[in-house]
Each structure stands twice: as C-alpha cells, then as structure tokens.
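Understanding the architecture of this molecule
Here's the letter readout for the chains.
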Amino acid sequence: MKRVLDVFRGRLMLSTIALAALSGCASVSLEQQMAKVNDETGPFTDGRLALARTDRERTQRAQTAADLLKAPVGQREAVHLALVNSPALQALLARGWAESADAAQVGRIANPVFSFERMVAGSELELGRALSFGLLDLLTLPSRQGIARRQIDQSQLRLASEVVDQITQVRQAWVRAVTAQQTFAYAQQVLTSAEASADLARRLQSVGTFNRLSRAREQAFYADAATRLATAGHQATASREELVRLLGLDETQAQALRLPERLPDLPKQALEPDAVGSLATRGRLDIRLAQAELQTSAQAQGLNTFTSFTDIELTARRNTRFDNESGTKSTARGFEIDVRLPVFDWGGLQRDAMNARTLAATNRLEATLRVAGSSLRESYSAYRTAYDIARHHRDEVVPLRKVISEENLLRYNGMLIGVFELLADSRDQVSTVMAAIDAEQQFWLADAALQASLIGRPTNTTLSVNASAPSGGGAGH
C-alpha cells in the first residue's frame, strides 16, 4: 500500500511540474506585442511604435518630437510625430497590451487550493491537509492554450487595425490643415485685389465712366471676398486644431507647429489597378481579423461542448492523527474527486451561445470577404478620379485660365476691352484657383483612404470636387 501511495505522490509531483510548465506556454510580453504590431503596420506608418513606460523614455520621445517641430511638418513627419508624441496612440498601445495579457490569462489554469484543518476529540488530535485543483482544467489545458494564442493574435490584429485608423486620420487631417492654410492665404490675396477693384470702381463711377450697376458688382465681389476670408480663417484654425489634437501636441508644441505652404505635387503616375490588386492580396487586416475570430470561436465551441456539462476537481489529502494517551501517531493519505452533476443545468444555453457566436463569426468573415473587394474598388475609383481631376486642373484648366488672363490683359492694353471685362476675368480666376486647390486636397484625401483600404481598413471616401465655373464675362456697361 505504501508503495502505491509513493507512486501516487510521485505522479502528483510530476503532474504539478508539468502543469506549471504548461501554464507558461501561452504568454505575451510588451516587446512581443510591439514587435508584432510593428511588423503589421511598419510598411504603412513608415515608423516604429513603442510604448513609453519610464521618464527616460518619455523624455527621449519629447526630444524627438521637438526635433520634428523645428522644421515645417510634412505628411510623413506628421505621422512620425503622432507615433512618438500622441498620448492617444500610447493609450491605444497600453490598452492593446492589456487585452493581450487578458487573452493569455485564458490559457492559464486556476491555482491549486491548499486547506488545513485541526480537529480535537478527547485526547486525539487530527491535522488535515488537502491540495485541490481543477482536474478538468488540467485535462483541457492544451485546448485552452490554443484558444489563448488565437485570442492574442486577434488582439494584436485589432490593435494594428486601430493604429492604421489613427494614422489615416492624421494623414487626412494634415491634408485638410495644409489646404485650409493655403486657401486662407489665397483668400487674403483675393480680398486685397477685391478691395482695390472696389476702390477703382468707386473712382470710375465718380468720373462717370462706370455705371452704378458695375460699381455695385465690384462692391459685391469685395463683400464676398471678405466673407470668404473670414470663413477660410475659421476653417484654417479648425483644421489646424484637429491636427493638433490628433498629434497630441501641448500648447508649446502647438505654437511651434509649422506646416508647408502648399500640398505636395501630384505624383507623375497614378497607381494602376494591377498594382493595387497585387498590394491588396498581401494580407488584409480585416480579413485576417475575421478569420482569427472564427478560429477562436470554433475552438472555444469545441471546448465548451465538453465543459458545459460538468466540472471535475481533484483533491489530495493527508491527515495525521495523534493519540496523546497512547502516544501514537497515524497518517492517512488519499484523494477525492468532486464531480459537478448536470442535474439542474445541462449547459444547453452555454452551447447555444457558443453556436451563435461561431455562426456570427462565420457570417462576419463572409461579409468581410464580400465587402473587401467592393470597398477597395470604390477607394481606387475615388483615388483615380481625384487624380485625373486634379491633373486636369493642373494641366488644362489653370493654364487655359492663365492664357485667357494674359490675352485679356493684352487686349486691355490695346484698348480693345474695358476695365470691366478685365475685372470680370480676375473674378473667374478666383474660382479656378479655388477649384484647383480643392481638387488637390481631394486627391490626397483619397490617397490616404486608398492606403488604408490596401492594408485592410476601408475608410469612407466622399469625392466632392468643385468645378470652376466662369462668370461668363459678366454684364457689359
């Protein structure tokens, strides 16, 4: 009998050691988390993400942000600035780390419970010791660890997706801020020109060469320019502040922020559909995330099918009895198994819930697969249309308007047209330039949305390009 108990104790010890080893299989560290997210988002952000945890790391990141703010912040620099400076992005990384740690916890089993009791009956003293742990948890540990690993992957993919969303917002906010600043600067020029035109019209009317209607038209243009300047000023402030918030700048950093005077030049060639298709097949985040959710649900359903019926707990006991009268001592060793009987609850609702989750994950994956191609085609259409329109403005509309203005100036100098026609032409130039600026903005917004769609985070793209409509030369004298 003693040999049997010794064998049992040996097996129990080996099981405990194996249990401790297996419990450490499903784990994740911050370094692993950041390495995985950087692998996923590195080509998109062109930078490295890191979670600052010490004052020294925060100081280094603040110094990097200060260096970036010494020069005008381009779109690429804005992304780097967000990576090193944005508290919202740091909070996102910390939350992702917490979710991965929680997911890894699923692969662990509950700690064993040690209990001790002391019983006295007359001259006898009995000391009882017991060590209990969930036998079912131990038997299902490999499945639980598999689920934990899939949930960790799922958490990391979700974090990478949220980082892509955040960076896309930064890129588009930068485009809007630069465009608004460019529009405001041009609106100031227009106001100065309109003020001079209105003053000239007033003088011409005073000498009788301008009628009242013509002067009122120039005065209305001046009033409209003033309104447009006020609106452009607010838009420039609002767009800049949106960018400041996304970059996580404090007051000092916001004052140091400088933006380029204008948007970048259009690329020489737009992306071709074949190139976009090849880039999109490298692994979209949305599809991989939906696949991970389905795999996790399927594996959890298999485990739940068994665990929903019962639970088993194993307890090893060692009781020692002392007889004070006879001075003897005896020790009893053994074990007990507790089984939860499925009498009142057979676990049907738990299995129904898991079936529903798996079915939902299956349909979510199917929906993601169907939506992925459509959203990519829409994003590319918006990108290509915006590129063609912006290029049309750059190569056709603006040069034509410039030729018209030059010809009108020559005709005015040759006294073939009057000052009124010249002023009407200047008004047409305003709408042309505004439309060209807006077309470039739409292109760069569509470009940022397309980059997000390629990696698997479709962004709503609304293409609204303003057409430049000439005034038709206005009325005559």
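Basis of the calculations
Residues numbered from 1 in each chain as written. Predicted model: local features only at pLDDT ≥ 70, side-chain atom pairs only at ≥ 80, totals over all residues. Heavy atoms only, no water. Domains from an automatic or database assignment. Contact = heavy atoms within 4.5 Å. Buried area = accessible area lost by both parts, 1.4 Å probe. Salt bridge = Lys/Arg side-chain N within 4 Å of Asp/Glu carboxyl O. Polar contact = N/O pair within 3.5 Å; in protein donor to acceptor, adjacent residues only side chain to side chain. Helix = DSSP H or I, 4+ residues; strand = E, 2+ residues; numbered from the N terminus. Axes fitted to C-alpha atoms, helices over the stretch in contact; angles between N-to-C directions. Parallel < 35°, antiparallel > 145°, perpendicular 65-115°, else oblique. Left-handed = near helix turned anticlockwise from the far one by under 90°. Pairing = 2+ DSSP bridges. Patch = residues over 30% accessible without salt bridge, like charges linked within 9 Å, V, L, I, M, F, W, Y side chains within 5 Å. Areas by Shrake-Rupley, 256 points an atom, 1.4 Å probe, with all protein chains shown as cover. Expected span 1.5 Å × (residues − 1). Buried < 20%, exposed > 50% of the residue type's maximum accessible area, 1.4 Å probe, protein only.

1. Some remarks on the domain arrangement of the protein
Domain assignment breaks the protein into domain 1 (25–110 + 139–262) and domain 2 (265–291 + 373–468). Here the C-alpha centre of domain 2 lies 21 Å away from the C-alpha centre of domain 1. Between domain 1 and domain 2, the residue contacts involve 30 residues of the former and 24 residues of the latter. Here domain 1 and domain 2 share an interface that buries about 2700 Å² over both sides, 67% of which is from carbon and sulfur atoms. Contact with domain 2 buries surface across domain 1, with Leu 157, Gln 172 and Tyr 186 losing the most and accounting together for 19% of the total. Viewed at the interface, domain 2 and domain 1 are joined by three salt bridges. Here Asp 265 makes a salt bridge to Arg 262, at a shortest N to O gap of 3.0 Å. Where domain 1 touches domain 2, the interface holds five residue pairs in polar contact (both at pLDDT 80 or more). Going through the elements one at a time, helix H2 (30–45), helix H7 (141–206) and helix H8 (212–247) are the ones with two or more residues in the side of domain 1 that touches domain 2. No other element matches H7, which puts 20 residues into the side of domain 1 that touches domain 2.

2. Let's talk about the packing of H7 against H8
In a pair of packed helices, the angle between the axes and the distance between the axes together describe the arrangement. Where H7 meets H8, the axes come as close as 7 Å, and the angle between the chain directions of the two elements is 160°. Of the possible angle classes, the one that applies to H7 and H8 is roughly antiparallel. With respect to the hand of their crossing, H7 and H8 are arranged in left-handed fashion.

3. A closer look at the pairing of strand E2 (residues 124–134)
Bridge analysis of strand E1 (residues 113–121) against E2 gives nine bridges, and the strand direction is antiparallel. Residue pairing in the sheet places Val 113 in a bridge with Ser 132 of E2. Where E2 lies against strand E3 (residues 312–323), eleven bridges are found, and the strand directions are antiparallel. Across the sheet, the residue bridging to Ala 130 is Arg 317, located in E3.

4. Some words on a nonpolar patch on the surface
Side chains of Phe 335, Ile 337, Val 339, Leu 341, Val 343 and Phe 344 sit close together on the surface and give an oily, nonpolar patch of about 720 Å² of accessible area. Mapped onto the fold, Phe 344 is located in the loop between strand E4 (328–339) and helix H12 (348–413).

5. A word on helix H13 (residues 419–455)
Look at H13: 55 Å from first C-alpha to last across 37 residues, which is about the 54 Å you get at 1.5 Å a residue. Summarising burial for H13: 30 of the 37 residues are buried, a large majority. One or two residues past the end of H13 sits Gly 456, with phi positive at roughly 105°.

6. A word on the sheet that holds E2
Within the open sheet, the four strands sit side by side as E1-E2-E3-E4. Their pairing is antiparallel. The sheet terminates laterally at E1 and E4, the two strands that pair on one side only. Sheet twist, expressed as the average angle between the axes of neighbouring strands with direction ignored, equals 15°.

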